[in-house]
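# Summary of the model geometry
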Amino acid sequence: MEQLRGLYPPLAAYDSGWLDTGDGHRIYWELSGNPQGKPALFLHGGPGGGISPSHRQLFDPQRYNVLLFDQRGCGRSKPHASLENNTTWHLVDDIERLRQMVGIDQWLVLGGSWGATLALAYAQTYPQQVSEMVLRGVFTLRQQELNWYYQDGASHIFPDKWAQVLSILSAEERKDVIAAYRQRLTSSDRQIQLEAAKLWSLWEGETVTLLPSSTAATFGEDEFALAFARIENHYFTHQGFLTSDDQLLKNVPLIRHIPAVIIHGRYDMVCRLQNAWDLAQAWPEAQLQIVEGAGHSTNEPGIQHHVILATDHFAGK
Ligand code: STX
């Protein structure tokens, strides 16, 4: 059997700080790797999931200069869990500000799940700024993708986990789970917010990997769950602030010149392989890598392997 590539060794950031957006947010950012290396941007999932130190390890530290940041309202960005001035297009502008801060013209953009959604939105807005793309666990935020995960789809594969999500809702509320959770996640009562946030987040923690993982429990921690659930639900209530259901697929012609690798697990229950397939049909130049025996998470061994092969490839290794 082929030896699987694993993460690069743990490394510290060599610089970090907060960027003031001027409209009420402070964005935590950090740089790691080689300051003279090839510029790369990592986009985390959720939205609301935040960065973790292991995300640095997806890039060869000798060859890459990597920027990671916590998107508005999550991780170390402030104010925590804020939904004000928090849309896809605010995040796209934040990315441009960060690029100017680093002082580079172009960067490789790597994003998984919502990070892939945001990567597409950014590249389609600023195609000249993106040198290559690595997209994992494709999510294009069509209504059918939201229905699959939050209404009627993954619920059939995880009926036991889904029962927990439904447990706090009335029969009437169960007809629109995203809307019912919005009520609770924006309640003036923090306890009501927290109860809903934990159930919403644990659903994802328990369905993100192919097989049960010990990391699922961390999704239920107060701070993480509040930001993750509130921000995800906010974005999904507004269909990602896109102007049409298929905006990100329809606009692929704007970015077809950018070298791209698309990596997706066969048994991804959060974002179906169909999403990656549809993207690859619209983008014949992109290389689609279907990973057998893998779910949604970057931490799946086969997914990690192909993500690192892709960053190595684009570094000319
Ligand atoms: N959320 C999809 C998403 O972006 C519906 C996502 N799924 N899991 C994640 O992000 C984490 C990597 C943050 C766990």
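These remarks concern the structure in this document.

Cut-offs and rules
- Each chain has its residues counted from 1, following the order in which its sequence is written.
- With the structure being a predicted model, the display of local features is reserved for residues of pLDDT at least 70 and the display and counting of side-chain atom pairs for 80 or more, all residues being used for whole-chain, interface and lining totals.
- Based on all heavy atoms of the structure, the side-chain values leave hydrogens and waters out of the count.
- Secondary structure elements are defined from DSSP: runs of H or I of at least 4 residues count as helices, runs of E of at least 2 residues count as strands, and each element is numbered from the N terminus.
- Every helix has an expected span of 1.5 Å times one less than the residues it contains.
- Exposure classes here rest on a 1.4 Å probe applied to the protein chains alone. A residue is buried below 20% of its type maximum, exposed above 50%, and partly exposed in between.
- By definition, residues are in contact when any of their heavy atoms lie within 4.5 Å.
- Patch membership needs two things, relative accessible area over 30% and no salt bridge, and members are linked within 9 Å if like-charged or within 5 Å if nonpolar (Val, Leu, Ile, Met, Phe, Trp, Tyr).
- Here the accessible surface of atoms and residues is derived via Shrake-Rupley with a 1.4 Å probe, and residues count as covered only by protein chains that are part of the display.
- What makes a salt bridge here is a side-chain nitrogen of Lys or Arg within 4 Å of a carboxyl oxygen of Asp or Glu, nothing more.
- The near set for a molecule or strand comprises every residue that places at least one heavy atom within 4 Å of it.
- What qualifies as a polar contact is a pair of N or O atoms within 3.5 Å, subject to a donor-acceptor requirement within protein and to the restriction that residues adjacent in sequence count only when both atoms come from side chains.
- Residues are grouped as follows: nonpolar covers Ala, Val, Leu, Ile, Met, Phe, Trp, Tyr, Cys and Pro; charged covers Asp, Glu, Lys and Arg; every other residue, Gly included, is treated as polar.

Moving on to helix α11 (residues 301-314). With 14 residues, α11 should cover 20 Å at 1.5 Å per step; its first-to-last C-alpha distance of 20 Å lies within 8% of that length. Within α11, 11 of the 14 residues are buried, which leaves it mostly tucked inside the rest of the structure. The complete set of buried residues in α11 reads G302, I303, Q304, H305, H306, V307, I308, A310, T311, D312 and F314. In this structure, the buried side of α11 is in contact with β3 (38-43), β4 (64-69), β5 (107-112), β6 (130-136), β7 (260-265) and β8 (287-291).

With that settled, the discussion passes to a nonpolar patch on the surface. Nonpolar side chains collect at one region of the surface, where L210, L211 and Y267 lie side by side and expose about 310 Å² of accessible area between them. With respect to the helices, strands and loops of the structure, L210 is situated in the loop between α7 (190-205) and α8 (222-237).

Lining the immediate environment of the ligand, one finds G45, G46, S113, W114, Y150, E204, V208, F219, F228, E232, F236 and H296. At a separation of 2.7 Å, an oxygen atom of the ligand approaches a polar backbone atom of W114. Contact distances for the ligand include 2.6 Å between a nitrogen atom and a side-chain N or O atom of E204. Its free accessible area being 380 Å², the ligand has 88% of it covered by the protein chains. Residue composition of the shell around the ligand, grouped by class: six nonpolar, four polar and two charged.

All we've got here are geometric facts, nothing functional implied.
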